[in-house]
Amino acid sequence: MIKLLEIREYLRRFYSKYELYIVPAGKFIIALLVFLLINGNLGYMEKIAKVPLMFVLALACSFLPVSFILFFAAALILLHTYALSMEVAAVVGIVFVLIFLLYLRMSPKEVLITMLTPVAFALHIPYILPITIGLVGSPASVFSVGSGIVIYYTLNAVTQMSNAIDSLDSEKTASKFRFIIDGIIQNKTMMVMIVAFAATIIVVYFVHRMNIDHAWTVATIVGALTNALIVLVGDLMFVTRASLLGVLGGTVLAIGVVYVLKFFMFNLDYARTERVQFEDDEYYYYVKAVPKITLQETNKTVKKVSAKAPVSDKPKSGGIKAEKTAEKATEQTTERRVKKESSLEGAASAVKSHSSVVKKSAGTTAHKSTSASGSYDSLSANDALLGETRVVAEKSVDEGRVVKKAANPAASASQSASNAGAARSTSNSRIAGDLAGRRNQGQTRVRNDGYAGPNPSVGMTNGETIAERIRRERLKEAESIDADRLRRQNSD
Amino acid sequence: MISEARVKLMTRLASYEQGEGKENAEIGTYFRGDYIGLQVIKSVISATICYGIVIATMILYDSESFLSDIYKMDIVSYAKNMIIYYVIFVGGYSIITYILYSIRYRKARIKLKTYFNNLRRLQALYQKERKDRVR
């Protein structure tokens, strides 16, 4: 379980760090999957049913908006159906135009759901969709899913009737037309699926928003049962020839997959790194905002790493103790703080050696790279430049999990500072100067990254670094231990 | 000197402008009645086109019997039925559009209000900085 939690945290950090590359890669994979499925199931026009062409199209789609995947998919489908028969292409074209004019015009953001629905059906995992969409979407997604189901069953009908369409006389356009439309409109399975999925989405949406324990789990199970029930009842009423084992097996698989998705998605904020630009009268600003990754836990045990023995609660059943001893942790923290401070001093000296005067005119450009936290409320810029690293052990009593969180606001800041080329401006040297003053003031500050301990700057003497303070306190402790031993010897 | 509070506020504003601010800005340029009216007109046009496509498809589907029965059937009542179905279809679609875009307008106005409040805070910060510089 702990491993899974660590994997989840790793995935969150990985996503927030590499979001710029993950989104185009995701679009590429989805586009390629859609195009390959279209070629695999239709594929009547051999000129365009080539894998390299699909790779090129998918690559183009990775840099374009998501709606372009649907546009290229629709174009491919129309070309393949045109190769089969002009009447089939006309009917499929009419279906696309109706869906676009009636629905996609109003909700262009839900294009992805409309596209993923036929893909899920083609991969024989359709029952995952309504439960997932009910948990993360809204009731309005019923129309997206419905559109996707119509597209899938239209193409399914075309695939099944392709031989019959070929055999029909080419002059009998009207009869071909009627044949295809009958295959679509009289498809009872499609109607049953639309009703089942719509009901499932609505039920899951309202149940998971209820104020009950384990709302998501209850919603998943209720949604799966609703879906299975409606599909089986529809099979009895309309004789859709749905396989009982297929429905039940698919439902159980859907519950499992949704449970895994819930683990990775529930109560988490996959915040993105944001890059913004703006200007004022004096500067141009190029800002990279990196979200802080925090795990919301109900009961926290904050372990302060200092020269004294750490204060920590006894672990309750199911918990895991933090393995580092106070001294080892202190040494490690001391090393980290010394390293960070030396990097800060190095940066400050680099700034001073490359000082350039920033002119207060609109024509001069001064690059200011700074990292602001996703919360925008804490003094994260100063924290970042201080380079403090804190190791916090958190424990949830209920679930017996311990998550080790390293709040390291310096990591992204130092990265962006190095990217900016050590910030060649007098403004940074001024901030470094401010920091030297702040260390001695012991100011309290509001942090919203979960650290609830006292300000480590309090109690420091003038001009003292954190490492020096720790050394001073350890010396004092060693002296007091020696004094106790001498006293005992004398009393003996 | 760079004011951190101002940079944080401007970062938040720029982030909003880059994302959902684009759509909300467009909504913000209209009055409520104008925005919803425009969307309803677009919906009426879309619904009319769709209805025409559906009627054409139905006629093509049953073209043989339609052409053979066209002289026998009561064209007036047939046209009246078509118009009634058209009014019901377009009316229903317009009502759905009206409700949907009313909700969207209300949500966009709330976000725009927050955005304008942040702009006022930014203006206040600028004024404070100017006063401090004068001193």
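Our subject is the structure listed above.
The rules behind each value
- Residues numbered from 1 in each chain as written.
- Chains lettered and ligands numbered in written order.
- Predicted model: local features only at pLDDT ≥ 70, side-chain atom pairs only at ≥ 80, totals over all residues.
- Heavy atoms only, no water.
- Helix = DSSP H or I, 4+ residues; strand = E, 2+ residues; numbered from the N terminus.
- Buried < 20%, exposed > 50% of the residue type's maximum accessible area, 1.4 Å probe, protein only.
- Contact = heavy atoms within 4.5 Å.
- Areas by Shrake-Rupley, 256 points an atom, 1.4 Å probe, with all protein chains shown as cover.
- Salt bridge = Lys/Arg side-chain N within 4 Å of Asp/Glu carboxyl O.
- Buried area = accessible area lost by both parts, 1.4 Å probe.
- Nonpolar A, V, L, I, M, F, W, Y, C, P; charged D, E, K, R; others polar.
- Pairing = 2+ DSSP bridges.
- Axes fitted to C-alpha atoms, helices over the stretch in contact; angles between N-to-C directions.
- Parallel < 35°, antiparallel > 145°, perpendicular 65-115°, else oblique.
- Left-handed = near helix turned anticlockwise from the far one by under 90°.
- Core = buried A, V, L, I, M, F, W, Y, C linked by side-chain atoms within 4.5 Å.
- Patch = residues over 30% accessible without salt bridge, like charges linked within 9 Å, V, L, I, M, F, W, Y side chains within 5 Å.
- Phe/Tyr/Trp six-rings, centres within 6.5 Å; stacked < 30°, edge-to-face > 60°.
- Arc of directions from axis to C-beta.

### Let's talk about the overall build of chain B
A tally of regular secondary structure across chain B gives five helices and zero strands. Across the 135 residues of chain B, 30% fall into the buried class. In chain B, of all internal contacts separated by at least 6 residues, the share reaching a separation of at least 24 is 91%.

### Considerations on the overall build of chain A
Regarding its fold elements, chain A presents 17 helices and five strands. Burial analysis of chain A (492 residues in total) assigns 42% to the buried set. Partitioning the contacts of chain A with sequence separation of at least 6, the portion at a separation of at least 24 is 70%. With the model as given, the accessible surface of chain A reaches about 26,700 Å², and the carbon-plus-sulfur share is 61%.

### Regarding the pattern of salt bridges
Overall, the coordinates contain four salt bridges over all chains when judged by the stated rule. Residues Asp280 of chain A and Arg6 of chain B are paired through a salt bridge, measuring 2.6 Å at the closest nitrogen-oxygen approach. With one member in each of two chains, Asp280 of chain A in the loop between strand 1 (274-279) and strand 2 (284-290) and Arg6 of chain B in helix 1 (residues 4-18) form a pair that bridges those chains. Here the two residues Asp280 of chain A and Arg6 of chain B agree in accessibility, since each one is buried. The partner of Arg133 of chain B in a salt bridge is Glu129 of chain B, and the shortest N-O contact between them spans 3.6 Å.

### Observations regarding the interface of chain A and chain B
On the chain B side, the residues contacting the 38 residues of chain A number 34 residues. For the chain A and chain B pair, buried surface summed over both sides reaches about 3,200 Å², with 60% attributable to carbon and sulfur atoms. Elements with a contribution of two residues or more to the side of chain A that touches chain B: helix 4 (86-104), helix 9 (173-185), strand 1, strand 2, strand 3 (367-373), helix 14 (380-386) and helix 16 (426-441) of chain A. Split into classes, the residues belonging to the side of chain A that touches chain B amount to 18 nonpolar, seven polar and 13 charged.

### With respect to the pairing of strand 2 of chain A
Residues and elements named next belong to chain A. Extensive coverage of strand 2 is indicated by the burial of five of its seven residues. Note that strand 1 and strand 2 share six bridges and pair antiparallel. For Val276, the partnering residue across the bridge sits in strand 2 and is Val287. What sits between strand 1 and strand 2 in their antiparallel hairpin is a turn of four residues.

### Some details on the packing of helix 4 of chain A against helix 7 (residues 141-160) of chain A
Residue and element names in this part refer to chain A. Between helix 4 and helix 7, the least distance of the axes is 11 Å, while the angle of their chain directions is 180°. Put simply, helix 4 runs roughly antiparallel to helix 7. Seen from helix 4, the contacting residues are Val88, Val92, Val95, Phe96, Ile99 and Tyr103; seen from helix 7, they are Phe143, Ser144, Ser147, Val150, Ile151, Thr154 and Val158. Considering only residue class, the contact of helix 4 with helix 7 consists of 10 nonpolar, three polar and no charged.

### Some details on the environment of Arg6 of chain B
Classification of Arg6 of chain B by relative accessible area gives buried; the value is 2%. Sequence separation between Arg6 of chain B and Leu125 of chain B is 119 residues; the distance between their C-alpha atoms is 6.8 Å. In this view, Arg6 of chain B contacts Asp280 and Tyr285 of chain A together with Leu122, Leu125, Tyr126 and Glu129 of chain B; residues no more than four positions away in its chain are not counted.

### Some details on unusual backbone geometry
All names here are of chain A. Phi at His124 is positive, roughly 60°, even though this residue is not glycine. When you line up the elements, His124 lands in the loop between helix 5 (111-122) and helix 6 (128-136). The class for His124 is exposed, based on a relative accessible area of 67%.

### As for the packing of helix 6 of chain A against helix 10 (residues 188-208) of chain A
For any two helices packed against each other, one specifies the inter-axial angle together with the distance between the axes. Residue and element names in this part refer to chain A. Interaxial distance between helix 6 and helix 10 falls to 8 Å at its minimum, and their mutual angle equals 35°. Read as a crossing pair, helix 6 and helix 10 show a hand that is right-handed. Contact residues: helix 6 offers Pro130, Ile131, Ile133, Gly134 and Leu135, while helix 10 offers Phe197, Thr200, Ile201, Val204, Tyr205 and His208. Of the residues assigned to the contact of helix 6 with helix 10, the class counts are eight nonpolar, three polar and no charged.

### Description of the nonpolar core
Grouped together as the largest cluster of nonpolar side chains are 71 residues, with contacts concentrated most on Phe35, Ile149, Met193 and Phe197 of chain A. Beyond its immediate stretch of four places on either side in the chain, Phe197 of chain A contacts Phe121, Pro126, Tyr127, Pro130, Val145, Ile149 and Asn227 of chain A. One finds Val276 and Phe278 of chain A together with Leu13 and Leu112 of chain B within the second-largest nonpolar core, a separate group that totals 15 residues.

### Examining a nonpolar patch on the surface
Residues and elements named next belong to chain A. Where nonpolar side chains cluster on the molecular surface, the patch consists of Leu4, Ile7, Tyr10, Leu11, Phe14, Tyr18, Leu20 and Tyr21 and spans about 760 Å² of accessible area. Relative to the assigned elements, Leu11 resides in helix 1 (residues 2-41). Overall, the relative accessible area of 33% leaves Leu11 in the partly exposed class.

### Some thoughts on helix 6 of chain A
Extensive coverage of helix 6 of chain A is indicated by the burial of eight of its nine residues. Three or more residues of helix 6 of chain A are buried, namely Ile128, Leu129, Pro130, Ile131, Thr132, Ile133, Gly134 and Leu135 of chain A.

### Focus on the packing of aromatic side chains
All names here are of chain B. Here the structure, examined in full by the defined rule, presents 20 aromatic pairs over all chains. Both rings, one in Tyr35 and one in Tyr105, keep their centres 5.7 Å apart while their planes meet at 35°; by these two values the pair is tilted. Residue Tyr35 is found in helix 3 (residues 32-61), and its partner Tyr105 is found in helix 5 (residues 75-134); the two are separated by 70 residues along the sequence. What makes Tyr105 buried here is its relative accessible area of 7%.

### Thoughts on the side chain of Ser85 of chain A
Tracing the chain through its elements places Ser85 of chain A in the loop between helix 3 (67-84) and helix 4. Residue class for Ser85 of chain A comes out buried when judged on its relative accessible area of 4%.

### Considering the side chain of Ser141 of chain A
As for its position among the elements, Ser141 of chain A is in helix 7. With residues near it in sequence (within four places) discarded, Ser141 of chain A still touches Glu110, Ile113, Ile133 and Ile201 of chain A.

### Quick word on helix 2 (residues 21-28) of chain B
Residues and elements named next belong to chain B. Where helix 2 is concerned, the buried positions are Gly21, Asn24 and Ile27. Buried residues of helix 2, viewed axially, fall in a sector of 120°; they line one side. Buried residues along helix 2 sit in contact with helix 1, helix 3 and helix 5.

### Describing the environment of Ser46 of chain B
Relative to the helices and strands, Ser46 of chain B resides in helix 3. Note on Ser46 of chain B: relative accessible area 5%, which makes it buried. In this structure, Ser46 of chain B is in contact with Leu101 and Arg105 of chain A, ignoring residues within four places of it in sequence.

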